[in-house]
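Chains, contacts and geometry: an overview
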Amino acid sequence: MPLTRLRELLNETAMFISHHAIYISQLERAIKNCEDFAHKTCHECNFGVKWDSMVVPVKDKLPEEVRALVEEIEKIHCEFHEVSMQIDPKNPQPSDEEKLNRMRKLSDSLFQKLLALKRLVKEE
């Protein structure tokens, strides 16, 4: 049963990754235009809300290998949002580009881990 809920969520992997790409793009535009940006925590974005409702409640019931990957994904995802919150688009800094690059790398890593998790739960 816990893996069924996880598989359900993983069917939307491409959509969640596109949301994070759009998030980066909107943040870049806000920096360029010195505009406000509605930062979200890893528990407020669409992926985080769904993850918290579908995966977190069953995490302790998942096989150890699956749970380890789930925890890695959570860590990467939260770091993505933490890095974004270090950027104030209304007060651009030279270090912003480095932070945006870090966000892109974290997003790529998140995508890779989600695909690995998708393969793993398919086998279980």
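Relevant structure appears above.
We now examine the overall build of the protein. Of the regular secondary structure elements, the protein holds 5 helices and 0 strands. For the protein, the share of sequence-separated contacts (at least 6 apart) that also reach a separation of at least 24 residues comes to 77%. Just so you have it, the protein exposes about 7,100 Å², and 51% of that area is on carbon and sulfur atoms.

Glancing now at the nonpolar core. Formed by 34 residues in total, the largest nonpolar core has its most connected members in Leu-6, Trp-51, Val-66, Met-103 and Leu-117. For this core, the elements supplying multiple residues, two or more each, are α1 (2-10), α2 (13-32), α3 (46-54), α4 (64-84) and α5 (96-123). With 8 residues, α5 is the largest single contributor of residues to this core. When residues no more than four places from it in sequence are discounted, the contact partners of Met-103 are Tyr-23, Ile-24, Leu-27, Phe-80, Val-83, Ser-84 and Ile-87.

The next thing to look at is the environment of Val-121. Examined against the element boundaries, Val-121 turns out to sit in helix α5. For the pair Val-121 and Thr-4, spaced 117 residues apart in sequence, the C-alpha separation works out to 8.8 Å. Ignoring any residue separated from it by four or fewer positions in sequence, one finds Val-121 in contact with Leu-3, Leu-6, Arg-7, Leu-10 and Val-66.

Looking now at α1. Turning to α1, its buried residues number three or more, namely Pro-2, Leu-3, Leu-6, Leu-9 and Leu-10. Buried residues of α1 fall within an arc of 120° about the axis and therefore sit on the same side.

To describe a pair of aromatic rings, one takes the distance between the centres and the angle between the planes. Using the criterion set out here, one finds 4 aromatic pairs in the structure. Ring centres 5.1 Å apart and planes at 65° place the aromatic pair Phe-16 and Phe-47 in the edge-to-face group. Taken together, the residues span a long stretch of sequence, with Phe-16 in helix α2 and Phe-47 in helix α3 at a distance of 31 residues. By the burial criterion, Phe-16 is buried, and Phe-47 matches it. For the ring pair Tyr-23 and Phe-80, a centre distance of 5.7 Å and an interplane angle of 50° mean the geometry is tilted. With Tyr-23 in helix α2 and Phe-80 in helix α4, the pair connects residues that are 57 residues apart, well separated along the chain. When its relative accessible area of 8% is taken as the criterion, Tyr-23 is described as buried. Here the aromatic cluster, defined as three or more aromatic residues joined through ring pairs, consists of Phe-16, Phe-47 and Trp-51.

As a further point, take α4. Between its terminal C-alpha atoms α4 stretches 31 Å, which fits the 30 Å expected from 21 residues at 1.5 Å a residue. Buried within α4 we find Val-66, Leu-69, Val-70, Ile-73, Glu-74, Ile-76, His-77, Cys-78, Phe-80, His-81, Val-83 and Ser-84.

What counts as what
Here the residue numbering is sequential within each chain, running from 1 through the sequence in written order. Since the coordinates come from a predicted model, pLDDT governs what is reported: local features require at least 70, and pairs of side-chain atoms require 80 or more to be given and counted, while whole-chain, interface and lining totals use all residues. Derived side-chain values reflect all non-hydrogen atoms in the structure, with water molecules and hydrogen atoms excluded from consideration. Think of it this way: any DSSP run of H or I at least four residues long counts as a helix, any run of E at least two long counts as a strand, and we number them from the N terminus. Any two residues whose heavy atoms approach within 4.5 Å at even a single point are treated as in contact. Accessible surface area values rest on a Shrake-Rupley calculation with a 1.4 Å probe, where residue burial reflects the displayed protein chains alone. Joining through side-chain atoms within 4.5 Å is the link that ties buried Ala, Val, Leu, Ile, Met, Phe, Trp, Tyr and Cys residues into a set, and such a set is a nonpolar core. For each residue, the accessible area found with a 1.4 Å probe, counting protein chains only, is set against the maximum for its type, and the residue is called buried under 20%, exposed over 50%, and partly exposed in between. Working definition: the arc comes from the directions between the helix axis and the C-beta atoms, pointing outward to the latter. Only Phe, Tyr and Trp rings are paired, with Trp represented by its six-membered ring, and only when their centres lie within 6.5 Å; those with planes under 30 degrees apart are stacked, over 60 edge-to-face, the remainder tilted. One less than the residue count of a helix, multiplied by 1.5 Å, gives the span that helix is expected to have.

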